[in-house]
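The lines below spell out each chain.
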Amino acid sequence: MDSLSAKPYEAENQTMHIKESIDDFVDESLHSACKKEIEVHVGIGSRVIVASDLLIGRFEPGTRGELTKFKEYLATLDGPGVIIFAGNLFDLSNQTLQVKVCDLIDQEKEFFGQLRDLTTSHGFEIYILPGSRDRSLAWDLSQQKDLETIGQASLGIKVSLIVETTNGPKTIDIFSGREFEARSNQVDPYSKVDTPWSTHLIGEIIPHLTKRAKWLEGIDLVDNQGAISRFFASRIFYRKAMRYLPWLIAPILGAFFIKLPVILALPTIGHFKHRIRALAPFIQIAGAATLLDAVLVLTIATWLARRTYAGMIENPLIATNSGEALPNLAARIAAMEALDDSHIGTIIGNSLNPEMTDMTSGFFCATGGISKCYRESPARFGLPSVFQPIAQCTWVEIQPGAKVRVRLYSQTEELPLESRSERLVRLGKHDPTSGLRILASYPGGEGYIPSDATSTKFSRPRRLVALGVLLVGLIDLISTLVPPLRSRLSLITEFIPLAVPVAANAIAAIESVGLMALASGLRRGQRVAYLLTVAIASASVITNLIKGGDIEESILTAILVGSLVASRKAFTAPTNRIPMLKGIIRIPIGWLLIFIAGSLALRLDLLLFSRSTSIGILNGLLAVLERMVGSQSIPIPHSINLFLAPALSYSALTLLALLLLRASRPVVEAKVARLTLPGRPALTPTEIVNRYSKTTLDYFALRDDKSHFIAYNTLIAYAVIGTVAVVSPDPIGPAATATQAWNAFRNHANSNGWTICVLGSGEPWQTTYASSGLHSIYIGDEAVVNVSDFHLDGNKNKSLRQAVNRMRNYNYRVEFVDPATVSGPLRDELTRVLAQSRKGGVERGFSMTLGRFLDPRDIGLLLSIAYGPNNEVVGFCQWVPAPGINGYSLDLMRRDLADHPNGLTDLMVVATIEYLRANAMEALSLNFATMRAVIAGETEDGVSSRIERWFLKRLSDTMQIESLWRFNSKFHPIWLPRYLVFESPDSLPQIAIAIARAESLWELPVIGKFLVPKQ
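Note that the structure is a prediction, hence the values are computed from the model and not measured.

## Some remarks on the overall build of the protein
- Regarding its fold elements, the protein presents 29 helices and 26 strands.
- Among the 1015 residues that make up the protein, the fraction classed as buried is 51%.
- Carbon and sulfur atoms make up 60% of the accessible area of the protein, which totals about 48000 Å².

Next comes the structure, spelled out in structure tokens:
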């Protein structure tokens, strides 16, 4: 009874003790020296240094090469200035060590002495922001007291840096960065009991793991925390499993020595034993078989390793978050939303990924860190990624002046990999250079975002494997047409009948055709094509040995199978099931018809012309069937065999190739995917265009025949034509997520087996495309007229002025309306003019036309309507909004077929320019001039340029190339270059055909008739 009554009493005492501890802590936090926000004013001539993640206490003293480099930089400073440590100056996260700040300061006496000297002798101020690893600085009074030994150091959750410029003060917010990371964010940063997930992970779980498993050292220093599970699996593979790899050599050598006496003991080769040289083929066979064993064992081992690796990185007990992390994304979006006239930027710590993004009216920057970290690097042969140790030393420097200038500095070097196996398989060369350099600068400089290879890592293996399959298929086909070596064939016929190698040769020919047919599907990453290729290539290893002892071809094909297995992650694109199913149904029917036709032809020949030859019905059917697969073991009359055998085999092989091509056709139907931002509403395509439109082509993204991929509120408009995803215009959305959205679209296209091209791309996007591995070529210029500078005065405008005045003298006039408001008789008149001037029943264009007219969905368009002397509609121009130039962009230009004085289109354009100028607008975009710089002779006057110019002038006879350039030139526009962006040169032919179909270019010589759309 006493023991039962004691339990509630003990529980009550424990609750009271916890409550008293919390009350004491709350009372202590009220006296904290850490402020929620600190305003720091910086005048012209000062300098601001922002660094983070020094992690003092995490590493042994004297081993900090990156910290030494930072100290060397600090030694060059001369005040006045400000030094801000944006989080994680100390590593106080390990709860088992109970580290004190004063002890860490003693460990790095030289560094903190240098800081003290900067504050006392050079007029520097120091500000420290508690981060995720030293969050106790916000509330622990004893630790705050220890910081007093540094000098005049102030603590704060946030620093608002107010920088003086000649244009007034500008504000830059500086955070520790944990506020933007869900697993590190605290509701109350002054609360000791508010412990986010990262506190337990870094302070409890990881120290416990690394204490028992030294090979996991550094798991908390992975620069992308979404890759922690892959780090875990990588270390197990390279530091544990690879130790036992040499033991695989023993069974392979044993297999060779076991096979050799078995082969030599066969009774059929006893008469060869007295000739040593004659034994060489048998040793070769034993060696080839052993090599195949080795390839098989290594393939299975690689497959098991990859399966284990995949299981580990998907295991919720190991993975720290679901999906791929996008470093700094949440902070970048918050920085973009905070921009205004006075607030120009945000800087964060707590991220080992340095970054600087120009957001037009401001910037976002992540300091990176001054610490050792681990960066994921791809490995050869499809093996798990290697994590390269990096001595990272990056920081930010801000200099006030006429403008605020921000630079992201780096003095980072790669450290050597500890494991020999990791050094052998890591792709790329070790780069030990560590010179001081500027990674990025603002304003006017280039930005910097760590390269994201997820969207491009599959392009190279797909291309190489497809080329390898094509070459191996061609080599195997040539091998089937060349007689085998007599010595090898005689050796094979010692064990099996001659008919077997003959049949194997026919099968090998079919396999080689199949491999070549599947190469295009592999280039697109088709999963079905990959599986079929693996099956055919595996069978080809055996058939090459049987058909004539072709060891070289078998080894080559076995290597191909190994490379296919190693790069299987690159082949995940789905297949268009409807064409595949139709092919599976129709092509076997074709084979059946060929078989029936061949059987009837043989039977008729026997009845009419070869009566002396007697072949049974069953043998006749078998003779036709074997000739379809390339064999001729059953004899038939030579007169018919001479023609029937090639016809049957070629027809069957053609149908096989068609079947395999259909089986590897990519998904071409439009798919809409959306990647949303956490906690933010998803925007529609129209809302994105209205909010973020910057270029003259953005409104054309709303064409009805374009699909829309939306990622992080960025719109990418495209159409899948054949196997090509034609993107136009450039992505539309916030600058903060532009690169991530484009990478997401590339992953989406790769997963569907599409080849990407961007049609009519502008110059601002070229850096982004180039950084993702794409190429670009110049295709022409867009004409943009500055309406405030345009006028009709002067001799150079004489012809244009006369044409416009002549039209006005004949009582032609232009009126302006919103197309959405047009109805009644005016609508009928406009429709009549549109029907007269349109060529065919389909409206042409893709990248620079909207494709619809008088549609109530289109708000804010402008319609210039030309009226004749009798008040009838004689022509019109439809213009779409172009907020980026504060004006409009040409969509349609139409006129009726009646006779009018010369200058009707000139009148409509000039009147529109005058209308925009009167309404305080700035620019008007006209037609696109294809290859304008080449036709105008502005390129280098070489042989290639002269050939291009001649060819374009020849095309101008059927297409409006030179005439559009000359028409636009009358208005003295600014020429904006446009580019075609593509993945690789080998994809240009299919891209050219897709663009011609998209733009409805049926005037093209020869091929144009194939591009005419179906009515």
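Structure's up, so let's keep going.
## Looking at the UniProt feature "transmembrane region" (unreviewed entry) in the protein
- As recorded in UniProt, the feature "transmembrane region" (unreviewed entry) lies at residues 244-266, 278-305, 464-483, 495-516, 528-548, 583-602, 608-628 and 640-661.
- Along residues 464-483 the backbone is 90% helical and 0% strand, and the end-to-end C-alpha distance reaches 30 Å.
- Helix makes up 100% of residues 528-548 and strand 0%, and the two end C-alpha atoms of the span are 30 Å apart.

## So, the environment of Ala 153
- Its place among the elements puts Ala 153 in strand β5 (residues 153-163).
- Taking the relative accessible area as the measure of exposure, Ala 153 reaches 25% and is therefore partly exposed.
- In this structure, the C-alpha to C-alpha distance between Ala 153 and Leu 115, residues 38 residues apart in sequence, is 9.5 Å.
- Residues within four places of Ala 153 in sequence aside, it is in contact with Ile 126 and Ile 128.

## Side note on the nonpolar core
- In this structure, Phe 70, Phe 85, Phe 90 and Phe 111 are the most contacted members of the largest nonpolar core, which totals 37 residues.
- Listed by contribution, the elements that provide at least two residues to this core are β2 (47-51), α2 (65-74), β3 (81-86), α3 (101-107), α4 (109-121), β4 (124-129), β5 and β11 (386-399).
- Look past the residues within four positions of Phe 90 in its chain and what remains in contact with it is Leu 55, Ile 56, Val 101, Leu 104, Ile 105, Phe 112, Arg 133, Asp 134, Leu 137 and Leu 147.
- One finds Phe 364, Ala 711, Phe 745 and Trp 754 within the second-largest nonpolar core, a separate group that totals 33 residues.

## Re α4
- Here α4 is 13 residues long and its end C-alpha atoms lie 17 Å apart, about the 18 Å a rise of 1.5 Å per residue gives.
- Along α4, the residues classified as buried are Phe 111, Phe 112, Gln 114, Leu 115, Leu 118 and Thr 119. End-on, the buried residues of α4 take up no more than an arc of 150°, which puts them together on one face. Exposed side of α4, more than 90 degrees from the buried face: Lys 109, Glu 110 and Thr 120 are the residues found there.
- Where the residues of α4 are buried, they touch α2, β3, α3 and β4.
- In the segment just after α4, Gly 123 is the residue with positive phi, at about 75°.

## Considerations on the packing of aromatic side chains
- Following the criterion strictly, the structure yields 27 aromatic pairs and no others.
- Ring geometry for Phe 790 and Phe 971: centres 6.2 Å apart, planes at 40°, overall tilted. Of the two residues, Phe 790 is situated in the loop between β20 (775-786) and α23 (798-809) and Phe 971 in the loop between α28 (962-969) and β26 (974-982); the sequence distance between them amounts to 181 residues.
- Aromatic pair Phe 967 and Phe 971: ring centres 5.4 Å apart, planes at 70°, arrangement edge-to-face. Exposure class is identical for Phe 967 and Phe 971. Each is buried.
- Put simply, the rings of Phe 70, Tyr 73, Phe 85, Phe 90, Phe 111, Phe 112, Trp 395 and Tyr 409 touch in pairs and so form one group of aromatic residues.
- Taking the ring centre of Phe 59 as reference, the NZ or CZ of Arg 58 above it sits at 5.3 Å.
- The aromatic ring of Tyr 867 is capped on one face by Arg 813, whose charged end is 4.5 Å from the ring centroid.

## Some thoughts on the environment of Phe 571
- Structurally, Phe 571 can be placed in the loop between α16 (551-566) and α17 (577-608).
- Residue classification places Phe 571 among the buried residues on the basis of a relative accessible area of 0%.
- Remark: the alpha-carbon pair of Phe 571 and Ser 751, spanning 180 residues in sequence, is separated by 8.3 Å.
- Excluding anything up to four places from it in sequence, Phe 571 contacts Pro 461, Arg 462, Val 465, Leu 522, Gly 525, Gln 526, Arg 527 and Tyr 530.

## Examining helix α18 (residues 617-628)
- Between its first and last C-alpha atoms α18 spans 17 Å; for twelve residues at 1.5 Å apiece the expected length is 16 Å, and the two agree.
- Every buried residue of α18 is accounted for by Gly 620, Ala 623, Val 624, Glu 626, Arg 627 and Met 628.

## Let's talk about the environment of Phe 853
- Here Phe 853 lies in the loop between α24 (824-837) and β22 (862-867).
- Along the chain, Phe 853 and Gln 878 lie 25 residues apart, while their C-alpha atoms are 8.2 Å from each other.
- Setting aside residues no more than four positions away along its own chain, Phe 853 makes contact with Leu 830, Leu 834, Leu 863, Phe 876, Gln 878 and Leu 892.

## Regarding the packing of α23 against helix α25 (residues 904-918)
- Interaxial distance between α23 and α25 falls to 9 Å at its minimum, and their mutual angle equals 95°. On the basis of the axis angle, α23 is roughly perpendicular to α25. Contacts between α23 and α25 involve Leu 800, Ala 803, Val 804, Met 807 and Arg 808 from the first element and Leu 904, Asp 906, Leu 907, Val 910, Ala 911 and Glu 914 from the second.
- A per-class count over the contact of α23 with α25 returns eight nonpolar, no polar and three charged.

## Points about the pairing of β11
- With 13 of its 14 residues buried, β11 lies for the most part within the structure.
- Bridge analysis of β2 against β11 gives three bridges, and the strand direction is antiparallel. Considered in β11, the bridge of Val 50 is made with Val 396.
- Where strand β10 (residues 370-377) meets β11, eight bridges bridge the pair, whose relative direction is antiparallel. Its bridge partner being in β11, Tyr 374 is matched across the sheet by Pro 389.
- With two bridges connecting them, β11 and strand β13 (residues 413-414) associate as antiparallel partners. Bridge assignment links Ile 390 to a residue of β13, and that residue is Glu 414.
- Sheet topology places β11 next to strand β12 (residues 405-410); six bridges connect them, and they run antiparallel. In the sheet register, Val 396 faces β12, and the bridge partner there is Leu 408.
- Here β11 folds back onto β12 in antiparallel fashion, the turn holding five residues.

## Some words on the side chain of Glu 355
- Secondary-structure assignment places Glu 355 in strand β8 (residues 355-358).
- Side-chain polar atoms of Glu 355 contact the side chain of Arg 332, separated by 2.5 Å.
- Non-local contacts of Glu 355, meaning those with residues more than four positions away in its chain, are made with Pro 327, Asn 328, Arg 332, Phe 364, Cys 365, Ala 366, Leu 408, Tyr 448 and Ile 449.

## Quick notes on the confidence of the model for the protein
- Of all residues in the protein, 77% have pLDDT values of 70 or greater, and the mean over the chain is 78.
- Across the protein, the element-wise mean pLDDT spans from 40 in helix α1 (residues 2-29) up to 94 in β22.
- Contacts from residues 312-325, a stretch scored under 50 in pLDDT, to residues over four places away or in other chains number 21 contacts.

## Examining the packing of helix α14 (residues 499-523) against helix α15 (residues 527-548)
- Across the interface, α14 lies against α15 with an axial gap of 9 Å and an inter-helix angle of 155°. One way to sum up the angle between α14 and α15 is to call them roughly antiparallel. When you trace α14 past α15, the crossing you get is left-handed. Together, Val 500, Pro 501, Ala 504, Asn 505, Ile 507, Ala 508, Glu 511, Leu 515, Leu 518, Gly 521 and Leu 522 of α14 and Ala 529, Tyr 530, Leu 532, Thr 533, Ile 536, Ala 537, Ala 539, Ser 540, Thr 543, Ile 546 and Lys 547 of α15 make up the contact between the two elements.

## Notes on a nonpolar patch on the surface
- Residues Leu 467, Leu 470, Leu 471, Ile 475 and Leu 556 make up a contiguous nonpolar surface patch of roughly 400 Å² in combined accessible area.
- In terms of residues, the nonpolar patch owes the most to one element, helix α12 (residues 459-481), which gives four residues.
- Its location among the elements puts Leu 470 in helix α12.

## A word on unusual backbone geometry
- Across the junction of Tyr 442 and Pro 443, the peptide omega takes the value 0°, indicating a cis bond.
- Along the chain, the position of Pro 443 falls in the loop between β14 (437-442) and α12.
- Each neighbour pair has its own omega, and for Ser 728 with Pro 729 the value is 0°, a cis peptide bond.
- By the secondary structure assignment, Pro 729 is in the loop between β18 (724-727) and α21 (738-751).

The rules we used
- Residues numbered from 1 in each chain as written.
- Predicted model: local features only at pLDDT ≥ 70, side-chain atom pairs only at ≥ 80, totals over all residues.
- Heavy atoms only, no water.
- Helix = DSSP H or I, 4+ residues; strand = E, 2+ residues; numbered from the N terminus.
- Buried < 20%, exposed > 50% of the residue type's maximum accessible area, 1.4 Å probe, protein only.
- Areas by Shrake-Rupley, 256 points an atom, 1.4 Å probe, with all protein chains shown as cover.
- UniProt positions renumbered as here; feature names shortened; annotations may be inferred.
- Contact = heavy atoms within 4.5 Å.
- Core = buried A, V, L, I, M, F, W, Y, C linked by side-chain atoms within 4.5 Å.
- Expected span 1.5 Å × (residues − 1).
- Arc of directions from axis to C-beta.
- Phe/Tyr/Trp six-rings, centres within 6.5 Å; stacked < 30°, edge-to-face > 60°.
- Lys NZ or Arg CZ within 6 Å of the ring centre and 35° of its normal.
- Axes fitted to C-alpha atoms, helices over the stretch in contact; angles between N-to-C directions.
- Parallel < 35°, antiparallel > 145°, perpendicular 65-115°, else oblique.
- Nonpolar A, V, L, I, M, F, W, Y, C, P; charged D, E, K, R; others polar.
- Pairing = 2+ DSSP bridges.
- Polar contact = N/O pair within 3.5 Å; in protein donor to acceptor, adjacent residues only side chain to side chain.
- pLDDT = per-residue confidence, 0-100.
- Left-handed = near helix turned anticlockwise from the far one by under 90°.
- Patch = residues over 30% accessible without salt bridge, like charges linked within 9 Å, V, L, I, M, F, W, Y side chains within 5 Å.
- Salt bridge = Lys/Arg side-chain N within 4 Å of Asp/Glu carboxyl O.

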